[in-house]
Amino acid sequence: MLGPPVLRCMSRATLAVGYDELAALKLLALDGARRGEVKASCSDLADRLDASTQTASRRLQALEEAGYVDREVVSDGQWVTITDDGERVLQREYEDYRRVFEEPADLALSGRVTGGMGEGRHYISLPGYNRQFEDRLGYEPFAGTLNVELDEPSRRARSAMESLDGVDIDAWEDDERTYGSATCYPATLETDDGSYDPVHVIVPDRTHHDETKVELIAADKLRDELTLDDGDEVIVRVAQ
Ligand SMILES: Cc1cc2nc3c(=O)[nH]c(=O)nc-3n(C[C@H](O)[C@H](O)[C@H](O)COP(=O)(O)O)c2cc1C
Ligand SMILES: Nc1ccn([C@@H]2O[C@H](COP(=O)(O)OP(=O)(O)O)[C@@H](O)[C@H]2O)c(=O)n1
Ligand SMILES: [Mg+2]
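In the nomenclature of an unreviewed UniProt entry, the protein chain corresponds to Riboflavin kinase from the organism Halarchaeum salinum. Its UniProt record gives the protein chain the following Sequence similarities (unreviewed entry) comment, quoted word for word: "Belongs to the archaeal riboflavin kinase family."

Following this line, the structure appears as structure tokens:
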């Protein structure tokens with residue numbers, strides 16, 4: 001759901017947008033500025049923010065400079081629309097509150113087993129990664145990644161996974177080249193007939209795959225353990 005809090009604070013500070021501006025953005029959204037232009041008056045906004053008209057005006061200006069709203073100033077006020085970036089900021093706040101008030105729901109990614117480029121085997125076996133897998137995941141993975149092509153809704157849920165705290169695998173280098181970092185998210189792999197636990201969704205920093213696929217690692221060959229063939233439906237239940 002969310003990036004690391006420190007990073008988010010830093011980016012707000014750089015843009016001179018803090019919680020005060022966010023409060024103004026929220027009021028604009030409540031007035032409908034997420035769906036289209038709304039007429040905003042600084043004095044009305046000032047009342048609702050319990051601030052002076054000048055302060056309300058400054059907050060709108062800061063929101064515009066940060067790219068969170070588009071504004072057109074007219075003689076009796078201004079027309080304001082929340083931009084896609086503004087919406088993303090509000091969405092992050094919303095996700096925060098969901099985490100506060102809602103029971104943690106399972107993050108289930110569903111899709112079908114698929115073959116890949118045969119490169120997973122090479123990377124997983126490299127000693128620079130292998131040592132870290134043993135230390136940080138507690139097992140030596142089978143040499144390869146089980147690739148899963150996600151269905152449409154799960155492609156969106158995948159980004160929620162990437163905001164969880166995963167296990168970091170560090171970048172390293174040998175005499176010839178550098179190898180990228182990766183993040184591993186603990187999960188259970190389920191089929192109609194059984195399940196395997198633990199697996200890890202591995203998200204390499206450098207990859208040829210896009211967000212429509214995930215790669216899984218585990219101590220055993222999952223195709224054998226769960227008798228999986230290309231096209232079989234699976235659910236990857238990510239721990240939260
Ligand atoms: C642990 C790990 C590290 C990786 N590091 C790199 C890398 O440094 N550079 C790179 O081009 N791809 C890297 N890859 C990604 C592979 O090139 C490729 O995108 C993917 O793992 C291939 O999977 P497939 O053979 O299952 O299709 C890495 C993959 C894994 C699993
Ligand atoms: N834990 C694992 C890892 C890979 N595999 C499979 O092992 C083979 C080698 O993995 P790979 O990543 O090199 O190959 P592709 O995913 O590119 O086909 C593939 O058939 C994977 O689906 C598995 O069954 N269980
Ligand atoms: Mg693979």
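**As for the pairing of strand 10 (residues 195-204)**
Taken together, the eight bridges between strand 9 (residues 182-190) and strand 10 define a ladder with antiparallel strand orientation. Following the sheet pairing, T183 is matched in strand 10 by V203. The turn linking strand 9 back onto strand 10 is made up of four residues. Sheet topology places strand 10 next to strand 11 (residues 213-217); three bridges connect them, and they run antiparallel. When the bridges of strand 11 are listed, I202 appears paired with E215.

**Notes on the site of ligand 1**
Of all residues adjacent to ligand 1, which total 20 residues, the nearest are M117, E119, G120, T207 and H208. T145 places a side-chain nitrogen or oxygen 2.9 Å from an oxygen atom of ligand 1. A distance of 3.1 Å separates an oxygen atom of ligand 1 from a polar side-chain atom of R177. For ligand 1, the protein covers 95% of the area, taking 620 Å² as the surface of the free molecule.

**With respect to the nonpolar core**
With 24 residues, the main nonpolar core has L189, V201 and V238 as its most contacted residues. Counting residues per element, the ones that place at least two in this core are strand 4 (107-114), strand 5 (146-150), strand 9, strand 10, strand 11 and strand 12 (233-238). In terms of residue count, the dominant contributor to this core is strand 10 (four residues). For L189, the residues in contact, after removing those within four places along its chain, are L146, G194, S195, Y196, V199, L216, L222, L226, L228, V234, I235 and V236.

Basis of the calculations
- Residues numbered from 1 in each chain as written.
- Chains lettered and ligands numbered in written order.
- Predicted model: local features only at pLDDT ≥ 70, side-chain atom pairs only at ≥ 80, totals over all residues.
- Heavy atoms only, no water.
- UniProt positions renumbered as here; feature names shortened; annotations may be inferred.
- Pairing = 2+ DSSP bridges.
- Helix = DSSP H or I, 4+ residues; strand = E, 2+ residues; numbered from the N terminus.
- Near = heavy atom within 4 Å.
- Polar contact = N/O pair within 3.5 Å; in protein donor to acceptor, adjacent residues only side chain to side chain.
- Areas by Shrake-Rupley, 256 points an atom, 1.4 Å probe, with all protein chains shown as cover.
- Core = buried A, V, L, I, M, F, W, Y, C linked by side-chain atoms within 4.5 Å.
- Buried < 20%, exposed > 50% of the residue type's maximum accessible area, 1.4 Å probe, protein only.
- Contact = heavy atoms within 4.5 Å.

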